[in-house]
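Chain residues, written in single-letter form:
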Amino acid sequence: MADLDLVLAGVTLDGVPADLGIGGGRIRRVAPAGSLTAARIETCGGLLALPGLIDGHIHLDKSFIGLPWVPHRPDATVAGRIAAEKVLLAAIAEPMACRARRLVEQVAARGTTGLRTHVDVDGEIGLRGLEALLALRAEVAGLVSMQIVAFPQSGVVSQPRGVLEDAIRAGADVVGGLDPAGIDEDVEGQLAVVFGIAERHGVPIDIHLHDPGELGAWELRRIAARAKAAGMRGRVAVSHAFALGAVPEAVLARTAAALAEAGVAIMTNAPGPEPIPPVKRLVAEGVEVFAGSDNIRDAWSPYGNGDMLERARLVGYRAGLLTDAELRLALDLVTAAPARVIGLAPAVLAEGACADLVLVAAQHVPEAVATAPIRSLVMKAGRIVARQGVLV
Ligand SMILES: [Zn+2]
């Protein structure tokens, strides 16, 4: 066992006692409990081991975290909230990177080992936010794997041409979009720009879609059609897609079939007041569904803490995931599914896998999702980065 740096002795793998042998940042051995030795042994006392949690959708650049409380200013429209946010963020003296770093440290302490963050890119802020997050990504690489989406928060065709593509040239990994109808009032115009950038630069797509009802469902089918035509199976995601939770059965069936056929994934954070995509139904239809935090204590929401086990519980609660099999699906939404969407290594606890994992006090996965216990230990690439919910 010379290849082992550390043994996590006496963990539970979804109900089965085991030892995990860690070496070179990877899980080298999965063996019966009590059978592995190494120079360093971490006695785990039957704690449940889960793959590292993955946040499929977070806005590191928006959070007020660490600042005095900022009261939420309600606004009924997406455009109105975008305007209100610009006023609030402009009033903060502290550099965004400081708040973003605080949030990364918070989510890492709660077991997030990989994330997809959206960063605002528009004619006003330009690439400043992106450049700050690219620098931060290098600084926090030991805590989280970070993928960055260039997010056109102020629209695409209504913004100076080229800024979104400049963001991809400057290092953003994914091209974003936003309500082609609701914000740009030009569905084909926005989608042509976004898919054009994706095809020219070989990058994936992640589009925020709040547009409701039949309009939103039609936009989803347009996105699916373009994804299929571009051969982008598995490389296009739509975040929120509230429409899927609010259209008649026949429209839902047609739209789900189009998403599944084109390999377009759907992200939900199960926000309280909105209709949410029917998770079980979509998964049964073959649609990739994943979860994310979205807004954490920012101009859009005073809620959120970046805890992805709590997010699995919230999504499961709203989506009616109740049986043990459904609770295991809820965990997939914050581990295996976002890993596939983001393009990370498979989120599994198996020999050869990256040693990104968390330990919690629970008998098995269903109990962990239902109770979201504190993270007793968090490991990123074989290194223990947090204990009892606090970075070490
Ligand atoms: Zn978002």
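Here the structure is a predicted model, which means the values were calculated and not measured. (Residues numbered from 1 in each chain as written. Predicted model: local features only at pLDDT ≥ 70, side-chain atom pairs only at ≥ 80, totals over all residues. Heavy atoms only, no water.)

J.: Teacher, can you tell me more about empty space enclosed by the protein here?
T.: Rolled over the atoms, a probe sized like a water molecule indicates the empty space that remains. Scanning all chains against the criterion turns up 1 cavity of 30 Å³ or more. Taken as a whole, the largest cavity holds about 30 Å³ of empty space. Considering the residues around the largest cavity, the lining is formed by Arg116, Pro204, Ile205, Gly234, Arg235, Val236, Ala237 and Val341. Each residue belonging to the lining of the largest cavity can be placed in one class, and the counts come to 5 nonpolar, 1 polar and 2 charged. (1 Å grid on protein atoms, 1.4 Å probe; cavity = no way out; pocket = protein on both sides within 12 Å on 5 of 7 lines; lining within 4 Å. Points joined across faces, edges and corners; volume = space filled by probe spheres on them. Nonpolar A, V, L, I, M, F, W, Y, C, P; charged D, E, K, R; others polar.)

J.: Any chance you could explain the sheet that holds strand 10 (residues 205–209) here in plain terms?
T.: Across a sheet, paired strands are connected by hydrogen bonds in the backbone, their directions being either parallel or antiparallel. Spatially, 8 strands are ordered 6-7-8-9-10-11-12-13 in an open sheet, and the strand pairing comes out parallel. The open sheet terminates on both sides in strands that have one partner only, identified here as strand 6 (53–58) and strand 13 (289–291). The mean inter-strand angle of the sheet, taken between neighbouring strand axes irrespective of direction, is 25 degrees. One ladder, built from 3 bridges, connects strand 12 (residues 264–268) with strand 13; its direction is parallel. Residue Thr268 lies in a different strand from strand 13, and its bridge partner there is Ala291. (Pairing = 2+ DSSP bridges. Helix = DSSP H or I, 4+ residues; strand = E, 2+ residues; numbered from the N terminus. Axes fitted to C-alpha atoms, helices over the stretch in contact; angles between N-to-C directions.)

J.: I keep staring at the coordination of the zinc ion and nothing clicks. Help me out?
T.: When a metal holds four donors in a tetrahedron, each ideal angle between them is 109.5 degrees; when it holds six in an octahedron, the ideal angles are 90 or 180 degrees. In this structure, His57 (NE2), His59 (NE2), His208 (NE2) and Asp294 (OD) serve as the protein donors to the zinc ion, at separations of 2.0 to 2.2 Å. In this structure, the zinc ion is coordinated by 4 donor atoms arranged in irregular fashion, with angles at the metal of 87 to 164 degrees. Coordination of the zinc ion draws on donor residues from a single chain, spaced H-x1-H-x148-H-x85-D in sequence. With respect to class, His57 is no different from His59; both count as buried. (Donors = N, O, S within 2.8 Å, 3.2 Å for Na, K, Ca; no water. Tetrahedral: all angles 85-135°; square planar, octahedral: opposite > 155°, others 65-115°. Buried < 20%, exposed > 50% of the residue type's maximum accessible area, 1.4 Å probe, protein only.)

J.: Just checking my understanding: could you explain the pairing of strand 16 (residues 383–387) for this structure?
T.: Put simply, side chains in a regular strand alternate between the two faces of the sheet. When strand 15 (residues 375–380) meets strand 16, the two strands line up antiparallel, connected through 4 bridges. Within strand 16, the position partnered with Lys380 by the bridge is Arg383. Where strand 15 folds back on strand 16, the antiparallel hairpin that results is connected by 2 residues, among which Ala381 adopts a positive phi of roughly 50 degrees. As judged from the 2 bridges shared by strand 16 and strand 17 (residues 390–391), these two strands associate in the antiparallel manner.

J.: Explanation requested: the pattern of salt bridges in the structure shown.
T.: When their charged atoms lie close together, side chains carrying opposite charge are able to pair. Per the stated rule, a full pass over the model turns up 23 salt bridges. A salt bridge links Arg200 to Glu165; the shortest N-O distance between them is 2.9 Å. You can see Arg200 sitting in helix 5 (residues 187–201) and its partner Glu165 sitting in helix 4 (residues 163–169), a full 35 residues away along the chain. The partner of Arg222 in a salt bridge is Glu188, with the nearest N and O atoms 2.7 Å apart. Here the residue Arg222 occupies a position in helix 6 (residues 213–229), and Glu188 occupies one in helix 5, the gap between them amounting to 34 residues. Sharing partners across several salt bridges, the network here consists of Glu165, Asp166, Arg169 and Arg200. (Salt bridge = Lys/Arg side-chain N within 4 Å of Asp/Glu carboxyl O.)

J.: Any chance you could explain the layout of surface pockets here in plain terms?
T.: Taken as a whole, the largest pocket encloses approximately 900 Å³ of empty space. The set of elements that each furnish at least two residues to the lining of the largest pocket consists of helix 1 (78–90) and helix 9 (308–319). Split into classes, the residues belonging to the lining of the largest pocket amount to 18 nonpolar, 16 polar and 10 charged. Its volume calculated, the second largest pocket comes out at about 430 Å³. Elements represented by at least two residues in the lining of the second largest pocket include exactly helix 1, helix 2 (96–109) and helix 3 (128–139). In terms of residue count, helix 1 provides more of the lining of the second largest pocket than any other element does, 5 residues in total. When grouped by side-chain class, the residues that make up the lining of the second largest pocket number 8 nonpolar, 3 polar and 9 charged.

J.: Please explain the nonpolar core as it appears in this structure.
T.: Side chains of nonpolar character tend, in soluble globular proteins, to be buried together. Within the largest apolar cluster, 95 residues are counted, with the highest numbers of intra-cluster contacts made by Leu50, Leu60, Val175 and Ile205. Not counting the four nearest positions on each side in its chain, Val175 is found in contact with Val149, Ala150, Leu164, Ile168, Val194, Ile197, Ala198, Val203, Pro204, Ile205 and Asp206. Counting 17 residues, the second largest nonpolar core, distinct from the first, contains Leu6, Leu13, Leu357 and Ile384. (Core = buried A, V, L, I, M, F, W, Y, C linked by side-chain atoms within 4.5 Å. Contact = heavy atoms within 4.5 Å.)

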